[in-house]
Amino acid sequence: MSAPVLFDLPGPKARARIRIATVIGSLLVLAVIAFVLVRLGRNGQLDPQRWSVLFDPNSGVPQALWEALLRTLRVAAVGMVFATLLGLLLAVGRLSDHRPVRIAVTAVIEFFRAIPLLVVIFALYFVLPGLGIRLSAYAALTGGLVLYNMAVLAEIFRAGILSVDRGQSEAAYGIGLRKSQVMRLVLLPQAVRRMLPVLVAQLVVLLKDSSLGFIIGYFELLRQARSLVEFFTPRFGNQYTFQLYVAAGLIYIIVNVLLSQLAKYIEHRSRRSPKAAATHAVVLPDTPSVTGQTSI
Amino acid sequence: MVQFFIDNFPLLRDAFLKTLELSVLAGLLALVLGTLLAAFRVSPILPLRGLATFYVETFRNTPLTVVFFFIIFGLPQIDFAVGFFTGAVLAVGLYTAAFVCEAVRSGINAVPPGQAEAARALGLTFGQSLREVVLPQAFRTVIPPLGNVLIAMVKNTSIAAGFAVTELTASLQRLSNANGGEILLVLLAVVAGYMLITLPAAYVVSRVERRVAILR
């Protein structure tokens, strides 16, 4: 952290000022938390009995949320596998020696990166039926995730392949390997090691995006919470609404934080790995384009 | 088909303007809040640092849909009900602020330490050296990544479609019972609408970048 450069080691006066600011800052944070808690408490949302429904197997809530989590993870897993395979194919296509292939593949990649993911999903869900193809919410969600992420991953793969030192492919051609062999045996194994952290980071993005299933009615965590609320409301009123929403949101956040930690760990490990030695750091080109390099 | 387009043109135009409005308002909120958070993250006051770090880590790991969800359905629980459009601005703005903060912070870290040291040596306070010396330089290096974050944000405003805001993506859902050729036309119009925002935005960003570029 470069922070210490921005301020001197505080002297007695500054220390006193910082201490006062610290106290005021902490008080402000505590005040906000207290305000939220008081408001929640006044509305009876902190009642332990209201929260116990989340852990009571008789209510069916834990099971429903667990299944919803599995459905969320399933979409993310299936989406990731297909997006990775197609992305790999597109990346190789974009690096092809044949101009027409290169142009076509580039067009596909840029198109899918330029439009919002939700538009892709809506196109599959609302536009395709007009053309006589009807997809389930699951297929539309997974399809959208695959189409969008394969384009993002293709760029990541391409950056990774290009990051392998040129001497590697030259040497491979030198000992008489064919193009496909160079890619398969020499470039990809080295590139993948380097790309692993970025790949896992993209998996986090994909998992986050699976929550879009809520909008088209796929029963992932949020939609499941909503439907549980709709199920409970006639009998108990709004008693459990807030609790169910918080639970669904928290599960998403926890799973994502765990995956992010995994990404950090992998990055830390691969940084010292001697096997990735012949590659440069994978840096996606930092020029702004329509597509926006960052997927957030 | 032409007739269909003419009939629905007002709807598409309003939807486009809604997306534009949402993008501009949320972008402003994200820029202001994100810069503030970045200043917090490098400040000498520990609770502020902790608060900003917590904010960024939480929002970066939360799906935008969940943020929407909490703002639309959660805020009423603490007696803060907001309208759908206001909620959308808040959700997209608060979410993007975390990414703006990270971009600005990496920019602050990219400013050579000598600059901050010189500012300190001249007797500027933390606020002054940040305001007068470090941030103006940081914003220059940070313009390309910031542009990327904002362009991604424009695409993210589409999620408001799921929360009763009739912006571009929602018009796709609205007109979904049109026949095959017509709905394809709507899809094209929607895609074109997003390009109409992101293409000029990318152009402006690259112009600004060249304009303020400094030699190091």
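### Concerning the overall build of chain A
Part 1 of the reasoning: Summing up its helical and strand segments, chain A has 12 helices and zero strands in all.
Part 2 of the reasoning: Beginning at the N terminus, the succession of helices and strands in chain A can be written as α-α-α-α-α-α-α-α-α-α-α-α.
Part 3 of the reasoning: For chain A, the residues scored as buried account for 37% of the 296 residues in total.

### Describing the overall build of chain B
Part 1 of the reasoning: Looking only at helices and strands, chain B features eight helices and zero strands.
Part 2 of the reasoning: Starting at the N terminus and walking to the C terminus, you meet the elements of chain B as α-α-α-α-α-α-α-α.
Part 3 of the reasoning: Along the longest, intermediate and shortest principal axes, the C-alpha atoms of chain B span 70 × 45 × 20 Å.
Part 4 of the reasoning: Within chain B, the proportion of its 216 residues that are buried is 49%.
Part 5 of the reasoning: If you take every contact in chain B between residues at least 6 apart in sequence, the share linking residues at least 24 apart comes to 74%.

### Looking at the environment of Asp79(B)
Part 1 of the reasoning: Topologically, Asp79(B) is positioned in the loop between α3 (64-74) and α4 (84-110).
Part 2 of the reasoning: The spatial distance from the C-alpha of Asp79(B) to the C-alpha of Ser171(B) is 31 Å, given a sequence separation of 92 residues.

### A look at helix α2 (residues 12-42) of chain A
Part 1 of the reasoning: Between its first and last C-alpha atoms α2(A) spans 44 Å; for 31 residues at 1.5 Å apiece the expected length is 45 Å, and the two agree.
Part 2 of the reasoning: The buried fraction of α2(A) amounts to one of the 31 residues, a small share that puts the element mostly on the outside.

### Topic: unusual backbone geometry
Residue and element names in this part refer to chain B.
Part 1 of the reasoning: In the Ramachandran plot, Ala164 falls in the positive-phi region, its phi being about 60° despite a non-glycine side chain.
Part 2 of the reasoning: In this fold, Ala164 is placed in the loop between α6 (126-156) and α7 (168-174).
Part 3 of the reasoning: Residue classification places Ala164 among the partly exposed positions, given that 13 C-beta atoms sit within 10 Å.

### Looking at the interface of chain B and chain A
Part 1 of the reasoning: On the chain A side, the residues contacting the 61 residues of chain B number 52 residues.
Part 2 of the reasoning: Here the side of chain B that touches chain A gets 13 residues from one element, more than from any other, and that element is helix α8 (residues 180-212) of chain B.
Part 3 of the reasoning: Within the side of chain B that touches chain A, the residues separate by chemical class into 38 nonpolar, 19 polar and four charged.

### What to know about the domain arrangement of chain A
Part 1 of the reasoning: Along its sequence, chain A is carved into domain 1 (3-46) and domain 2 (67-276).
Part 2 of the reasoning: Computed from C-alpha atoms alone, the centre-to-centre distance between domain 1 of chain A and domain 2 of chain A is 39 Å.

### A short note on α6(B)
Within an α-helix, residues lying three or four positions from one another point in the same direction, as the helix has 3.6 residues per turn.
Part 1 of the reasoning: Along its 31 residues, α6(B) runs just 35 Å from first to last C-alpha, ending more than 12% under the 45 Å computed at 1.5 Å per residue.
Part 2 of the reasoning: Considering bend angle alone, the principal kink of α6(B) is centred on Ile143(B) and spans about 60°; proline Pro144(B) follows within four residues of it.

### A look at the nonpolar core
Nonpolar side chains in soluble globular proteins tend to be buried together.
Residue and element names in this part refer to chain A.
Part 1 of the reasoning: Ranked by size, the top nonpolar core spans 139 residues in total, and within it Val120 and Ile121 carry the most contacts.
Part 2 of the reasoning: The leading source of residues in this core is helix α7 (residues 137-163), at 15 residues.
Part 3 of the reasoning: Discounting chain neighbours no more than four positions away, the residues touching Val120 are Phe112, Ile115, Gly144, Leu147 and Tyr148.

### Regarding the packing of helix α5 (residues 99-114) of chain A against α7(A)
Residue and element names in this part refer to chain A.
Part 1 of the reasoning: Axis separation between α5 and α7 bottoms out at 8 Å; the angle between their running directions is 120°. Relative to α7, the element α5 lies oblique. The way α5 lies across α7 gives a crossing that is left-handed. Contacts from Ile109, Phe112 and Arg113 in α5 reach Leu147, Tyr148, Ala151, Val152, Ala154 and Glu155 in α7.

### Regarding the environment of Leu203(A)
All names here are of chain A.
Part 1 of the reasoning: Relative to the helices and strands, Leu203 is located in helix α9 (residues 179-209).
Part 2 of the reasoning: Distance from Leu203 to Gly25, taken between C-alpha atoms, is 36 Å for residues 178 residues apart in sequence.
Part 3 of the reasoning: Setting aside chain neighbours within four positions, we find Leu203 in contact with Met80 and Leu259.

### Some words on the packing of α2(A) against helix α2 (residues 46-60) of chain B
Part 1 of the reasoning: At a minimum axis separation of 7 Å, α2(A) and α2(B) run at an interaxial angle of 35°. Residues Thr22(A), Gly25(A), Ser26(A) and Val29(A) of α2(A) touch α2(B), and the partners they reach there are Leu46(B), Pro47(B), Leu48(B) and Leu51(B).

### Some remarks on the confidence of the model for chain A
Residues and elements named next belong to chain A.
Part 1 of the reasoning: Of all residues in chain A, 88% have pLDDT values of 70 or greater, and the mean over the chain is 81.
Part 2 of the reasoning: When the elements of chain A are averaged for pLDDT, helix α1 (residues 3-6) gives the smallest value, 57, and helix α8 (residues 166-174) the largest, 91.
Part 3 of the reasoning: Throughout residues 284-293 the model reports pLDDT below 50, and contacts reaching past four residues in sequence, or to other chains, amount to 28 contacts.

### Things to note about the confidence of the model for chain B
Residues and elements named next belong to chain B.
Part 1 of the reasoning: The share of residues in chain B with pLDDT of 70 or more is 98%, and the mean pLDDT across the chain is 86.
Part 2 of the reasoning: Of all helices and strands in chain B, the one with the weakest mean pLDDT is α7 (83), whereas α4 scores best (91).
Part 3 of the reasoning: With pTM at 0.83, the complex prediction returns an ipTM value of 0.83.

### Remarks on the environment of Ala83(A)
Residues and elements named next belong to chain A.
Part 1 of the reasoning: Relative to the elements of secondary structure, Ala83 occurs in helix α4 (residues 61-94).
Part 2 of the reasoning: A residue is classified by how many C-beta atoms lie within 10 Å of it, and Ala83, with 24 of them, is buried.
Part 3 of the reasoning: Spatially, the C-alpha atoms of Ala83 and Leu147 are 6.9 Å apart, while their sequence positions differ by 64 residues.
Part 4 of the reasoning: Not counting chain neighbours up to four residues away, the residues in contact with Ala83 comprise Leu145, Val146, Asn149, Met150 and Leu153.

Each value, and the rule that gives it
Residues numbered from 1 in each chain as written. Chains lettered and ligands numbered in written order. Predicted model: local features only at pLDDT ≥ 70, side-chain atom pairs only at ≥ 80, totals over all residues. Helix = DSSP H or I, 4+ residues; strand = E, 2+ residues; numbered from the N terminus. Buried ≥ 20, exposed ≤ 12 C-beta atoms within 10 Å, placed from the backbone. Contact = placed C-beta atoms within 7 Å. Expected span 1.5 Å × (residues − 1). Nonpolar A, V, L, I, M, F, W, Y, C, P; charged D, E, K, R; others polar. Domains from an automatic or database assignment. Bend = angle between axes of the 7 residues up to and from the residue. Core = buried A, V, L, I, M, F, W, Y, C linked by C-beta atoms within 7 Å. Axes fitted to C-alpha atoms, helices over the stretch in contact; angles between N-to-C directions. Parallel < 35°, antiparallel > 145°, perpendicular 65-115°, else oblique. Left-handed = near helix turned anticlockwise from the far one by under 90°. pLDDT = per-residue confidence, 0-100.

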